[in-house]
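# Commentary on secondary and tertiary structure
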Amino acid sequence: MNATPNFDRIARLYRWMEWLSFGPLLHRTRTAWLRELFEVRRALILGDGDGRFTRDLLRTNRQVHVHAVDLSAVMLQELRRRCRPYTDRLVITQDNALNFVPDASYDLVATHFFLDCLSEAEVEQLVQTLLPSLTDNARWLVSDFHIPQQGAMRPIAALLTRILYAAFRLLTGLRANHLPDHTSVLQRAGMVCIRRCVFLGGILISELWQRP
Ligand SMILES: C[S@@+](CC[C@H](N)C(=O)[O-])C[C@H]1O[C@@H](n2cnc3c(N)ncnc32)[C@H](O)[C@@H]1O
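What you see is a predicted model; the values in this text were computed from it and never measured. Think of each chain on its own: its residues are numbered from 1, step by step along the sequence as written. With the structure being a predicted model, the display of local features is reserved for residues of pLDDT at least 70 and the display and counting of side-chain atom pairs for 80 or more, all residues being used for whole-chain, interface and lining totals. Note that the side-chain values use all heavy atoms of the structure and ignore hydrogens as well as water.

## What about the nonpolar core?
- Judged by nonpolar contacts, the single largest core of 43 residues is most densely connected at Leu 37, Ala 43, Phe 53, Leu 57, Val 66, Leu 141 and Phe 145.
- For our purposes a nonpolar core is just a set of buried Ala, Val, Leu, Ile, Met, Phe, Trp, Tyr and Cys residues, chained together by side-chain atoms within 4.5 Å. Partly exposed residues are those whose accessible area sits between 20% and 50% of the maximum for their type, while under 20% is buried and over 50% is exposed, using a 1.4 Å probe and protein chains only. Leu 46, Val 123, Leu 131 and Met 191 belong to the second largest nonpolar core, which has 25 residues in total.

Below you can see the structure in the form of structure tokens.
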């Protein structure tokens, strides 16, 4: 298992670092399927970070209850501050998502730029642990970086992800060094990708998976 990273020291700058490197694109990727989530009632957001997606979900869906999990205390302070108007529908847990034991049933799991902090074996462990706590038609929303199979963007994406992993290793101690194949893991778990869109020539993906 990878040693746990520490995002505390970049938590308050994270949003600005993101804006300076990718402008609005990462947030567009996170929220690409927000309009598909009006029916969601209980969401689990893993590696939630500073809570920008969670705030938008709570704002647009007045019935949803969110459980946000993250390792970083400072990220969670940012999240709590940002989601203050919705505290009655929000539970926050500071924990390693890999050790998190669900105590409810969820109809949505969201992992935005989080699975890339894990190895494929850890993604597998996470999915297998959560499966019993998902409702029958539960959905799993994934935003992440992606290396296209072919085409001009492939070498650019490969170089960009190497640079990003090196930067996050330096800044947070992240041990992961390549993108896990979440597609195979979710397919093995019986889930089907029902919506997919890409940004930046395929370097960013937003996928909505469903348990059939
Ligand atoms: C790259 S940031 C993404 C944050 C947010 N989801 C977003 O879209 O901006 C990764 C987040 O995952 C958290 N994290 C990394 N490994 C974790 C783990 N094993 N368990 C829980 N949180 C973790 C970090 O603290 C950080 O907030």
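On we go from here.
## A look at the site of the ligand
- In the neighbourhood of the ligand, 18 residues make up the surrounding shell, with Arg 30, Gly 47, Asp 70, Ala 97 and His 112 lying closest.
- Polar contact criterion, stated in full: a pair of N or O atoms within 3.5 Å, where within protein one must be able to donate a hydrogen and the other to accept it, and residues adjacent in sequence count only if both atoms are side-chain atoms. Side-chain polar atom of Asp 70 to an oxygen atom of the ligand: 2.6 Å apart, as the coordinates give it.
- Within the side chain of Asn 96, a nitrogen or oxygen atom sits 2.9 Å from a nitrogen atom of the ligand.
- In isolation the ligand offers 590 Å² of accessible surface; the protein chains occlude 96% of this area.
- Classifying every residue of the shell around the ligand by side-chain character gives 9 nonpolar, 5 polar and 4 charged. Any residue with a heavy atom lying within 4 Å of a molecule or strand is counted as near it. Note on areas: Shrake-Rupley, 1.4 Å probe, and residue coverage restricted to the protein chains presented here. Classes in brief: Ala, Val, Leu, Ile, Met, Phe, Trp, Tyr, Cys and Pro nonpolar; Asp, Glu, Lys and Arg charged; the others, Gly included, polar.

## Notes on the environment of Leu 26
- Helix numbering and strand numbering both begin at the N terminus, where a helix is a DSSP run of H or I of at least 4 residues and a strand a DSSP run of E of at least 2. Tracing the chain through its elements places Leu 26 in helix H3 (residues 25–31).
- In this structure the C-alpha to C-alpha distance between Leu 26 and Phe 145, which are 119 residues apart in sequence, comes to 9.4 Å.

## What to know about the pairing of strand S3 (residues 90–94)
- The pairing of strand S2 (residues 65–70) with S3 spans 5 bridges and is parallel. Looking at the pairing, Asp 70 lines up with Gln 94 of S3.
- Each parallel crossover has a hand, and for S2 linked through helix H5 (residues 73–82) to S3 it is right-handed. Two strands pair under a simple rule: DSSP has to find at least two bridges between them. Whether a crossover is right-handed depends on one test, that the path from the first strand over the helix to the second runs clockwise when the strands point away from the viewer.

## Here we look at the sheet that holds strand S4 (residues 106–112)
- Within the open sheet, the 7 strands sit side by side as S3-S2-S1-S4-S5-S7-S6. Their pairing is mixed. Bordering the open sheet on either side are S3 and strand S6 (192–199), each of which pairs with just one other strand. The mean inter-strand angle of the sheet, taken between neighbouring strand axes irrespective of direction, is 15 degrees.
- Across 7 bridges, the pairing between strand S5 (residues 134–145) and strand S7 (residues 204–210) is antiparallel. Of the residues in S7, the one forming a bridge with Phe 145 is Leu 204.
- Contacts: residue pairs with any heavy atoms within 4.5 Å of one another. Helix axes use the C-alpha atoms of the stretch in contact, all axes being lines fitted to C-alpha atoms, and the angles between their N-to-C directions lie in the range 0 to 180 degrees. Strands in contact with helix H4 (residues 52–60) are strand S1 (42–46), S2, S3, S4 and S5; relative to S1, the strand with the most contacts, it is inclined by about 170 degrees.

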